[in-house]
Structure formats: C-alpha cells, structure tokens
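What the coordinates show
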Amino acid sequence: MRGVAEDPSAPDTARSGVEQLGRSLASGPGREDSLRHLRVLPRRPAVVAPWPEWAHPDVVAAYRRRGVTELWRHQAVAAEAAREGQHVVISTGTASGKSLAYQLPALTTTLERRGARGERGASTLYISPTKALAQDQLASIAALGLRIRVTTHDGDSSYEERDWTREHGEYILTNPDMLHRSLLPRHERWSGLFRSLDLVVVDECHHYRGVFGAHVAQVLRRLRRVCAFHGSDPTFVLASATVGNPAEHAGRLTGLDVMAVSRDDAPRGEVALALWEPRFTSFRGENGAPVRRAASSESADLLADLVSGGVRTLAFVRSRRAAEQVAITAARLLAEVDPDLAGRVAGYRGGYLPEERREIEQALRSGDLLGLAATNALELGIDVAGLDAVLVAGFPGTRAAWWQQVGRAGRNAGDALAVLVARDDPLDTYLVHHPEALLDRAVEQTVFDPANPYVVGPHLCAAAQEVPIRETEVAMFGPQARELLDELTVAGRLRRRAGGWYWTHAEPASALTDIRSGSGRPFSLVESETGRVIGTVDGSSAHSTAHAGAVYVHRGDTWLVRSLDLDDRVAMIERCDVDYSTTARELTQIAISRELDHRDWGDARLAFGLVDVTHRVVSYLRRRQPSGEVIEEVRLDLPEQNLTTQAVWWTLGDDQLAETGLLPVDLPGAAHAAEHCSIGLLPLFATCDRWDIGGVSTAHHADTGRLTVFVYDGHPGGAGISARGFQVARDWLTATRETIRVCDCPDGCPSCVQSPKCGNQNHPLDKAGAVTLLDVLVSAAPGRP
Ligand SMILES: [Zn+2]
Ligand SMILES: [Zn+2]
C-alpha cells in the first residue's frame, strides 16, 4: 500500500489536466448538457510520523521490507491508542493503510508475550463481513514473513484446521456469522483462545448497519461477556470507510467508549469530480413519461472514450451481468476506433480466486488492461492502485460508498477523475442538481437500532446459553432488555433462577435467529437443477423479490425464480441470461398503533411511532434492460403480509390545504407524488436502500383525520430508518421538494415522482401539487427555510 504511494518516477500530470479530461467528456454530440457539475479537489500532502518505540523490531523490519519507511500520522495515533488499551475506530479513506494501524500493536503483542517454547501468549480476533476480505488479510499478514500463527476460521475450515486454530492460532480471521453460530456457543472448547484474547479487530465496520448492524451489535456484546467469563478484556479496534459518526457508530456496535481517528494523513493528488445526467431518450415510459438513458449504457460510452484516450478506468455497476454488458459495449465501440484497444477492456465477473484477482490488479497496474467494469463487490476483493479514473453508474447508496469508490482512482497518489452517472431516479437526480449534497456534506451517519426487540430477543437466549445472564449484565443489551427477559421467561424460552436467566432447552439458542436475514424466518434460494442452496432471502422481502417470475440478482449473479413455496419457505431458482429485470408492486395499508413523538410545524404535524402495516404484492413489471422500458405487467396472487414496525408521518391541517389552492380532487395525486419522491430521498439521510422502506399516502387517514403521508421501516420493529427521517425531517422533505421542482419532465417521471414499486401503476400522481404541498409543509417548519 504505502510502498507504491510515493513513487517519485510517477508522471506529474499537468495542473487541471483532470479537469480538462472531465470537460472533454461533454464535448460529444448530445452530451452538452449532461455534465451538470465539475469540481476539482486540491492535492493533499502526506503527514508522517515515526515508528513508535514499542513496535517490535521484527514487525518494523517486515514492513520496511515492504517499502513502508514511516507511518502516516493517523496510523501512528490509532496504533498508539490500541497499544494503550483504548478502544479506537479508524475511519479514513480508501488505501490509507488502516490495517497497519491494528496489525502493528497486534503483531507486536503476540511476539512479546509468546512463551519460551512458542506457546500462545496473546491473540487477536479479526472479524470481517466477508470471507474474501479475510483471505486478503491472511495473505497480507503471511507476506510479512513473520512467524505469526495466522489462520482463517470460517464455514470452509476443515476439522483439522479448526483444531489447529483452537490450540495454536494467534491471529484468527473470522466473521460475525461464525462467532454467532460456532465460536460463542462453543466457547468452552475455545477457552484457550478467549483467555488469551488481547485485541479484537472489527474491519469494514460501516457494513454493519440496518438490521444486520443490530445483530452484529448483539454478537459483539456476547463476545465481550464470553471474554469476561474467561478472564480477558480485549481492546477493540474498528476500521471503517469514512462515515459521519465513527465514534458513535463504533460505540453502538460494541457498547464501549470508542475514540475516533478520522483525519486522513495519506497523500492524495488532484481529484476532478464530475456529476453526469444522461439525456432523455425518445421512448416513453409508464403513463407516457419521458425516460432517461440508462446509467450503464451511458457508462459504457464514457468508458470507451476514456480508454481510447489511454486513461485507466474502472466503471462501477450494479450486477455482474451489467458489468459484462458495459465491457462488451465499450469493447465494441473501441473496436470501431482501434481493434487493439477492444481487447484491453474487461468485465469483472467476481468469484475469482485470490491469484486471479492479483492478475487483474497487475494487468491494471501495468496498463495491459485499460478499462474494467465491475460490481461493487469488488470493493471487498481487489486492491486496485493503478487507476486514473472511476465511473460510478448510479449513486452507490451512501456518500461513504461514493467516496470509497472515488478513492479507487489516483495512481501513486496522482491526479484522478471520478464521474457519477445518474440513474433515472429521484435520489440521483437530486444529487446531480445539488452537488453540495454529495460533495460538501459530511458523510452520513450510519443508522441502526441496537435495541430492536425483534433482534435482541433471540440474542438474549443465545447469551443465556453461553453464560447465564446476571442481573448486573442486563443493561448492556439495551433499555428494553429487562422487559424482554421477562417476556422470554413467561414464554418458557428462558428460566429465571437466583443466579440469573438460564437457557434450559436442548437445541442451540443461536439457531433462533439468522444474523444475515433482516427479519422473519428466511426463505431458501434453491437451484432447481442441483438442489443446492444458493443463499437466503429475508422473510420480509421474499414476496417482492423472490416471487415466481422474478429476476433475482444474488451476489452479482442473475437468477430467474421458477416458483415460490410459501409453506416451505423455498424459492426454486435457475441461472438465466435474460434481457429484462423485474420489479414487484405492492399495495399497502397502515394503522397507527402508538405515537411515540411528534413536532408541530404550525398547523402541520410531524410524528414518529409504531404502526401496523398490511401489504400485499400484487404484480410485477418486466422491464427491458438496460433501457428500463416496460414490457408488461404480470399479476401475482400472493397473500397479505402484516408488519409491526416504526414509521414517520406528516399531516396538514384543513386551513393549510385551503391555502394551497389545490382542489380536493387534486390532493390524492399530490400526496402520492410527495410520498414516492420522499421514499426515494430518505436513503440520502438514513443509510438504507429505497427497497428497505415503504410508504402510504392518503387525502384522509382514519387515524389522523387529515391528509397524511407515511414512510415506514420495512423490517419488523424498525431498523432506525424512519426514526432518522423524523430527526432530519426538514432537510429530507426540503430535498424532496427540490428534486420534484427541478426535474425537467412536464408531469412526473422516474427521476422525480414515479416509483418502480407503486402498486397503483403510479396513478394518480400530481407533480406540481406535490411541490405545493411540500412548500406549505416545509415553510411551516421552524428554523432556516
Ligand atoms: Zn421528473
Ligand atoms: Zn404509489
């Protein structure tokens, strides 16, 4: 990492060369208006620090051999904290050498405390969200050439490997799933490891958000209890992409006081950031709406342009299929110019072995490969340091992920170009028209609710099985834990005795929950040809993503769902290569069960609380890809589903409605349009996907007696998304109004008020009426307009 970062022989691109490069993209025919914004970030010099005195000489020598001669300051600060037993989260950019910050204290302590005959004295547990990342970490530590007993412990490990790890492992690489299912429930067999545990590394911790974040927070609390039981008190080091609230996020994940190191002292070249909005195409979408060119098609064009100029470019797209399409299209365009260039563009299929990934990295670094189209999965498997430009086809969901992808460009801390190519949806539209929202605002707060009772309940059972829960420990599981323990006792799950709460059943309590599935018992995805289980899908989203006829993208691969068995919770799927995608549409009703908080904005009211949602998937649309053109709508016959969750909602008073001048007949369409766009924008404020949330709008709701728009969390108990919406309502709803107002379409389109999952065929929708309603609402909010 560090070794290549300051290569003095790196060519020094002329100042604002990357700015010119960005502008040159817009010079093609029909592209004049597509470049909505171009910003150049200045160079940032490195700030260095010496090796700490306590660092083990063998470890320092190993890093020096790799070319790391001194540290960047953020590495030194974080390593120092960990060495002193201070829990720390390091939240800096891509390629800023985060792993050195925890490896240095971890490897030093391991070597220092090792017994005279090589017995394990101190150990490190490294936890990552994916196996691929653990493999990379394994390779990187092994390459240091130190005699550290480093090993992975995951679902692929053999019995022999597990035995060896248990007896001898000093640096163990695992994942939250293995902790939950294997290491913690069988902690007594692993007592030697837990007793010696000195450092716990939680890598890529920004992945732990939403319901998954809530699960991992509980797993880490269980880990702390098990360590305490075995007499150890490890220091936690968390590594994260840049997030808005690293200390708070890490604190909620671990339940500990965590110090944040978030100033990035690694050097960076000049970076030009371009925001790109594809033009409208000639064909018409639903209800005659104009439709923009697909982000992936546009990215293929831009990729070809950049590659033909010799610019090493990576295009990030949604699925492997899209990656292949983009690579093929770009190669075809290049062949028209220079047949030699066509062979220097590839699609990254994923699922590669580490050696194959290294080959791709090498080809990019050497320039044999000039263009690569890849899914975001690449974020977790390949270290590309040899790029001049990145194309991001569609906002990747969070500003944190955007900056992470931007960080991929900039060879040898050299200059770089990054282009966001907008998809045809409200969020992307807002961002390309409001560059400050993408480029100037702090990266988002990571959202999850560690106290979600649906998540906490099963983990209390698992914790009780591991070590009976004593009264003094209850608080660490959240404010509702006591109430939950009483409920679990009444239900016969747990037994209360003088010493605390006990699990007295034969089956493993960890089987009560699947930490990867948001909620409900998950559905299995089974390959029909082989009977092999490919993966699982959330109980709460199976109806909308795994219905018969659905095209399902799983880890970048495209599958077609043949049938969905609701009783056995199985979807039969097969690999497919179709030129369309599917989106389910659903109808929803909502009832307020308890208002938890509210704010009056004049006569308008904003509220947050518990709701009962009844929803039913009624049909799905087949859309041609990549254009998005609707081929047909297919009816589905699926039963209603009920969901108890959290929601945020707003209402307007009758006087305010009168003031808008809207006729009663206009109100349903205006509220409906505002609802759709607000769902599209909430992911900008609460780290989530638009598919994680739903909405309902009505000109008159029985529970409020007024015009009401609801946005609810799609997971039982809520994932903290609507709670965040309530907190930031004014900014969120202002952005919603702006998105609708600036969209160039006449009467509503997918970039503003049309929603792909609307069960009412996007009807009625009143674009202008929505702006009017939101104007009244937002102008009643206190504070700045
Ligand atoms: Zn529009
Ligand atoms: Zn709708």
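Heads up: these notes are all about the structure in this document.

1. Brief notes about the coordination of the zinc ion (ligand 1)
For the zinc ion (ligand 1), the protein coordination sphere consists of Cys743 (SG), Cys745 (SG), Cys749 (SG) and Cys752 (SG), at 2.2 to 2.4 Å. Classification of the site at the zinc ion (ligand 1) as tetrahedral follows from its four donor atoms and the range of 99 to 119 degrees in their angles at the metal. The motif formed by the donor residues of the zinc ion (ligand 1), counted along the single chain, is C-x1-C-x3-C-x2-C. For the pair cysteine 745 and cysteine 749, one class covers both residues: buried.

2. Remarks on the coordination of the zinc ion (ligand 2)
Only His672 (NE2), His676 (NE2) and Cys758 (SG) from the protein reach the zinc ion (ligand 2) as donors, at distances of 2.0 to 2.3 Å. Taken in sequence order, the residues that donate to the zinc ion (ligand 2) follow the motif H-x3-H-x81-C. Of this pair, histidine 672 and histidine 676 both sit in helix 22 (residues 667-681), four residues apart, which is roughly one turn of the helix. Residue classification places histidine 672 among the buried residues on the basis of a relative accessible area of 7%.

3. Considering the sheet that holds strand 11 (residues 271-276)
With mixed pairing, seven strands are arranged side by side in an open sheet as 1-11-18-17-14-16-15. Looking at which strands have only one partner, the edges of the open sheet turn out to be strand 1 (35-41) and strand 15 (345-347). Averaged over all pairs of adjacent strands, the angle between strand axes in this sheet comes to 15 degrees, irrespective of strand direction. Bridge count between strand 15 and strand 16 (residues 371-375): three bridges; the pairing is parallel. Opposite glycine 347, over in strand 16, you have alanine 373 as the bridge partner. Of the strands in this sheet, strand 1, strand 11 and strand 18 (416-421) are in contact with helix 16 (residues 426-433), which crosses strand 11 at around 130 degrees.

4. Quick word on the side chain of threonine 708
By the element assignment, threonine 708 lies in strand 31 (residues 707-713). Those residues in contact with threonine 708 that lie beyond four places of it in its chain are Trp649, Trp650, Thr651, Val696, Ser697, Thr698 and His701.

5. Brief notes about the packing of helix 18 (residues 453-466) against helix 19 (residues 481-490)
Following both chains from N to C, one finds helix 18 and helix 19 inclined at 60 degrees, their axes separated by 10 Å at the closest point. For the pair helix 18 and helix 19, the crossing hand works out as right-handed. Taking contact as the criterion, the partners of Pro453, Val456, Gly457, Leu460 and Cys461 in helix 18 are, on helix 19, Ala481, Leu484, Leu485 and Leu488. Looking at the contact of helix 18 with helix 19 residue by residue, the class counts come to eight nonpolar, one polar and no charged.

6. Description of helix 1 (residues 17-25)
Taken together, the buried positions of helix 1 are Gly17, Val18, Gly22 and Leu25. Along the axis of helix 1, the buried positions cluster into a sector of 140 degrees, meaning they face one direction only. Of the surrounding elements, those touching the buried residues of helix 1 are strand 1, strand 11, helix 11 (295-308) and strand 18.

7. Digging into the sheet that holds strand 25 (residues 570-575)
One open sheet holds the five strands; their spatial order is 22-21-25-24-23, and the pairing between them is mixed. Each edge of the open sheet carries a strand with a single partner, namely strand 22 (533-537) and strand 23 (551-554). Across this sheet, the average inter-strand angle for adjacent strands is 40 degrees, counted without regard to direction. Here strand 21 (residues 523-527) pairs with strand 22 via four bridges, running antiparallel. Across the sheet, phenylalanine 523 pairs through a bridge with valine 537, a residue of strand 22.

8. Here's the deal with the pairing of strand 7 (residues 171-174)
Residue alternation in strand 7 divides its side chains into two sets, Tyr171 and Leu173 and Ile172 and Thr174, and both sets are buried. The pairing of strand 5 (residues 123-127) with strand 7 spans four bridges and is parallel. For tyrosine 126, the partnering residue across the bridge sits in strand 7 and is leucine 173. Both strand 6 (residues 150-152) and strand 7 contribute to a ladder of three bridges, which runs parallel. By the bridge assignment for strand 7, valine 150 is matched with tyrosine 171. Running through helix 6 (residues 159-168), the crossover from strand 6 to the neighbouring parallel element strand 7 is right-handed.

9. Some words on the environment of glycine 478
Structurally, the position occupied by glycine 478 is in the loop between helix 18 and helix 19. Classification of glycine 478 as buried rests on a relative accessible area of 18%. As a C-alpha pair, glycine 478 and aspartate 666 span 188 residues in sequence and 46 Å in three-dimensional space.

10. Focus on the nonpolar core
Membership of the largest hydrophobic core comes to 113 residues, with the highest contact counts inside it found for Leu223, Trp402, Trp650 and Leu733. With 10 residues, helix 9 (residues 210-229) is the single largest residue contributor to this core. Setting aside anything within four residues of it in sequence, one finds leucine 733 in contact with Trp601, Leu606, Trp650, Ser678, Leu774, Leu777 and Val778. Core analysis: the next-biggest nonpolar cluster, separate from the first, contains 39 residues, Ala55, Ala78, Ala79 and Ile148 among them.

11. Structural notes on the pattern of salt bridges
On inspection of all chains with the given rule, the structure shows 40 salt bridges. The closest approach of N and O atoms between arginine 293 and aspartate 301, which form a salt bridge, is 3.2 Å. Overall, the relative accessible area of 18% leaves aspartate 301 in the buried class. Across the pair arginine 706 and aspartate 603 runs a salt bridge, and its minimum N-O distance is 3.6 Å. Taken together, the residues arginine 706 in the loop between strand 30 (693-698) and strand 31 and aspartate 603 in the loop between strand 26 (580-601) and strand 27 (604-624) connect sequence positions 103 residues apart. Aspartate 603 gets classed as partly exposed once you look at its relative accessible area, which sits at 38%. Connected through shared salt-bridge partners, Arg36, Glu277, Arg292 and Asp744 make up one network.

12. Brief notes about the packing of helix 16 against helix 24 (residues 729-742)
Packing of helix 16 against helix 24 brings their axes to within 9 Å, and their N-to-C directions diverge by 85 degrees. Taken together, the axes of helix 16 and helix 24 are roughly perpendicular relative to one another. Side by side, helix 16 and helix 24 meet where Pro426, Thr429, Tyr430 and His433 of the first sit next to Ala735, Glu738, Thr739 and Val742 of the second. Each residue belonging to the contact of helix 16 with helix 24 can be placed in one class, and the counts come to four nonpolar, three polar and one charged.

13. Details of helix 5 (residues 131-142)
Each α-helix turn comprises 3.6 residues. Residues three or four places apart therefore point the same way. Over its 12 residues, helix 5 extends 16 Å from the first C-alpha to the last, a length consistent with the 16 Å expected when each residue adds 1.5 Å. Those residues of helix 5 not exposed but buried are Leu133, Ala134, Asp136, Gln137, Ser140 and Ile141. Summarising the axial view, the buried residues of helix 5 lie within an arc of 160 degrees, below the 170-degree limit, and thus occupy one face. One side-chain oxygen of the residue at the start of helix 5 lies 3.2 Å from the amide nitrogen of leucine 133, identifying that residue as threonine 130.

Rules of the game
- Residues numbered from 1 in each chain as written.
- Chains lettered and ligands numbered in written order.
- Predicted model: local features only at pLDDT ≥ 70, side-chain atom pairs only at ≥ 80, totals over all residues.
- Heavy atoms only, no water.
- Donors = N, O, S within 2.8 Å, 3.2 Å for Na, K, Ca; no water.
- Tetrahedral: all angles 85-135°; square planar, octahedral: opposite > 155°, others 65-115°.
- Buried < 20%, exposed > 50% of the residue type's maximum accessible area, 1.4 Å probe, protein only.
- Helix = DSSP H or I, 4+ residues; strand = E, 2+ residues; numbered from the N terminus.
- Pairing = 2+ DSSP bridges.
- Axes fitted to C-alpha atoms, helices over the stretch in contact; angles between N-to-C directions.
- Contact = heavy atoms within 4.5 Å.
- Left-handed = near helix turned anticlockwise from the far one by under 90°.
- Nonpolar A, V, L, I, M, F, W, Y, C, P; charged D, E, K, R; others polar.
- Arc of directions from axis to C-beta.
- Right-handed = clockwise from strand over helix to strand, strands pointing away.
- Core = buried A, V, L, I, M, F, W, Y, C linked by side-chain atoms within 4.5 Å.
- Salt bridge = Lys/Arg side-chain N within 4 Å of Asp/Glu carboxyl O.
- Parallel < 35°, antiparallel > 145°, perpendicular 65-115°, else oblique.
- Expected span 1.5 Å × (residues − 1).
- Polar contact = N/O pair within 3.5 Å; in protein donor to acceptor, adjacent residues only side chain to side chain.

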